[in-house]
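What the coordinates show
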Amino acid sequence: MNKKILFLLIGFFGFFGCYKPTIPWQITASSIVDTGQHVRAAVNWKGGPDGTPINITVIYELNIDDNQTNWQPIARHDNWKNVQSIDFSEDGSFVVLAADSKNRDIWIWEIGKLPVEFTSNKDIEGDVTLIQDSIAFRKKEGKAHNLFVKSLNGLDNKRLTNGSSTRWNLKASEREEGVVLLHNVRSRMNIGLSTVGIDGSKPQRVFDEDGPEVSFDIAGNYVVFSNENNWFLCSPEAGMDFSNPVCIKNDAPSAFGWIGDVFIINQDLYGGIVADESSPNGNILLYVFNNQIYEFAYENNVIKHVKSEGDKLSLSINNPMFGDFFAILKMGEFELEELPVIYAPESDS
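Quick caveat, the model's predicted, so the values are computed rather than measured.

A short note on the state of the cysteines
- By the definition in use, this model includes one disulfide.
- The side chain of Cys 234 participates in a disulfide bridge whose partner is Cys 247; the two sulfur atoms lie 2.1 Å from each other. Taking the sign of the torsion about the S-S bond as the criterion, the disulfide between Cys 234 and Cys 247, at about 110 degrees, is right-handed. Placement of Cys 234 in strand β19 (residues 230-235) and of Cys 247 in strand β20 (residues 246-251) is noted, with a sequence separation of 13 residues between them.

Okay, here's the thing in structure tokens:
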């Protein structure tokens, strides 16, 4: 073989053998909290600017200095393989999260300290949410998914379901009568919703409609869920009993189709992610505010997920060129207003 050709081949395969394409950033989990004294956000970033897959979990605090508003990282952890869900404590001093180490377990991460492993099992655990002084989470046991609640001190541990849960959403509603969890269940090909009290009361199937009911959100006595191209705003007739709810059905405008998460802040502000038929690559946030329908969009970007936390919304948004970024919206006097955007951190510690 000609020596020049040989050297060219060696150089070609050497270059491409070492080259690793960039892995765009993806947000796998997030949570926000507003204590009145500070606003904090916890975000897990999965990607690899240099082509090597990494996970970086960062806790940020919103600072206002010289009329400039920006996010300051106050804690960071790089040793989890993945983070599946996160939830802040009410005072913003720590988060609970479901993350992979040897297995997917529940962790408690107090700001300024190292994370502490809360559970250590061979079963996969996730969909974590904080409820007062306890943690509710989902565990996969064989092929079944079940809900558990465990006190922060680790002394009390209670099974809430027996093979009736599905790995998707888990939301809690705290009331005078007690705490109720709303979660996804599967019946054959239909995905529906069920409630269960953390006192161990019998799970109850609710809001049954024909077709998929994957996305839902809960705020106080109100629940919103999507079903095909409709959204339903529901409230129980009394207390925690969702078996006979009063529901208002809303049809999405014909130009849109439900494709993602729904949310509710209160009975006057709720909505979700829809696809705009006039812009196939652009998802928008369609929401009802005081009985009027509004739109919110990021030009040339795709809204992937929306999550309500308190009186704010957190959004995972994808830029086709660079990957995901994170945004927080709050309701102004007449429309949704945006806090500064959070972009992925540098990969080096």
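Section: the pairing of strand β10 (residues 134-141)
- Counting buried residues in β10 gives six out of eight residues, a clear majority hidden from the surface.
- The pairing of strand β9 (residues 124-131) with β10 spans six bridges and is classified as antiparallel. Across the sheet, Glu 125 pairs through a bridge with Lys 139, a residue of β10.
- Taking the residues that link successive antiparallel strands as the turn, the β9-β10 hairpin has two residues, and the phi of Gln 132 there is positive, at about 55 degrees.
- As paired strands, β10 and strand β11 (residues 144-151) are joined by eight bridges and run antiparallel to one another. In the sheet register, Lys 139 faces β11, and the bridge partner there is Asn 146.

Details of the sheet that holds strand β8 (residues 116-117)
- Strand order in this open sheet of four strands is β5-β6-β7-β8, and the pairing throughout is antiparallel. In this open sheet, the two edge strands, each paired with only one partner strand, are β5 (82-88) and β8.
- Pairing of strand β7 (residues 104-110) with β8, which is carried by two bridges, proceeds in the antiparallel orientation. Counted as the bridge partner of Ile 108 is Val 116 from β8.

Section: the nonpolar core
- In this structure, Phe 263, Leu 285, Tyr 298, Leu 313, Leu 315 and Leu 329 are the most contacted members of the largest nonpolar core, which totals 18 residues.
- Elements supplying a minimum of two residues to this core: β21 (256-266), β22 (269-276), β23 (279-289), β25 (302-309), β26 (312-319) and β27 (323-331).
- Residues contacting Leu 285, with those up to four places away along its chain left out, are Phe 263, Gly 272, Ile 273, Tyr 294, Glu 295, Phe 296, Ile 303, Val 306, Leu 313, Leu 315, Leu 329 and Leu 336.
- Core analysis: the next-biggest nonpolar cluster, separate from the first, contains 16 residues, Val 39, Ala 41, Tyr 60 and Phe 326 among them.

Considering the pattern of salt bridges
- Taken as a whole, this structure holds 12 salt bridges when the rule is applied.
- With a shortest N-O distance of 3.1 Å, Glu 141 and Arg 159 are connected by a salt bridge. Of the two residues, Glu 141 sits in strand β10 while Arg 159 sits in strand β12 (residues 157-159), which places them 18 residues apart along the sequence.
- The class of Glu 141 is partly exposed, set by a relative accessible area of 24%.
- Residue classification places Arg 159 among the partly exposed positions, given a relative accessible area of 40%.
- Residues joined in a network through salt bridges with shared partners are Asp 34, Asp 311 and Lys 312.

Digging into the pairing of strand β6 (residues 94-100)
- Along β6, seven of the seven residues are buried, which leaves the element largely enclosed by surrounding structure.
- Burial of β6 is two-sided: the residues Phe 94, Val 96, Ala 98 and Asp 100 facing one way and the residues Val 95, Leu 97 and Ala 99 facing the other way are all buried.
- The pairing of β5 with β6 spans six bridges and is classified as antiparallel. Across the sheet, residue Phe 88 finds its bridge partner in β6, namely Val 95.

Conventions we followed
Within every chain, residues take consecutive numbers counted from 1 along the sequence as written. Whole-chain, interface and lining totals are the exception, using all residues; otherwise, since this is a predicted model, local features are given only for residues with pLDDT of at least 70 and side-chain atom pairs are given and counted only at 80 or more. The basis for every side-chain value is the complete set of heavy atoms in the structure, and neither hydrogens nor water enter the calculation. The criterion for a disulfide is a pair of cysteine sulfur atoms lying within 2.5 Å. Helix and strand definitions here come from DSSP, where helices need a minimum of 4 consecutive H or I residues and strands a minimum of 2 consecutive E residues; each element is numbered from the N-terminal end. Only protein chains enter the accessibility calculation, which uses a 1.4 Å probe. A residue is then buried if its area is under 20% of the maximum for its type, exposed if over 50%, and partly exposed in between. The rule for pairing is simple: two strands pair if DSSP sees at least two bridges between them. Here, nonpolar core refers to any group of buried Ala, Val, Leu, Ile, Met, Phe, Trp, Tyr and Cys residues whose side-chain atoms link them within 4.5 Å. Residue contacts are counted whenever heavy atoms from the two residues lie within 4.5 Å of one another. Any Lys or Arg side-chain nitrogen found within 4 Å of a carboxyl oxygen on Asp or Glu counts as a salt bridge.

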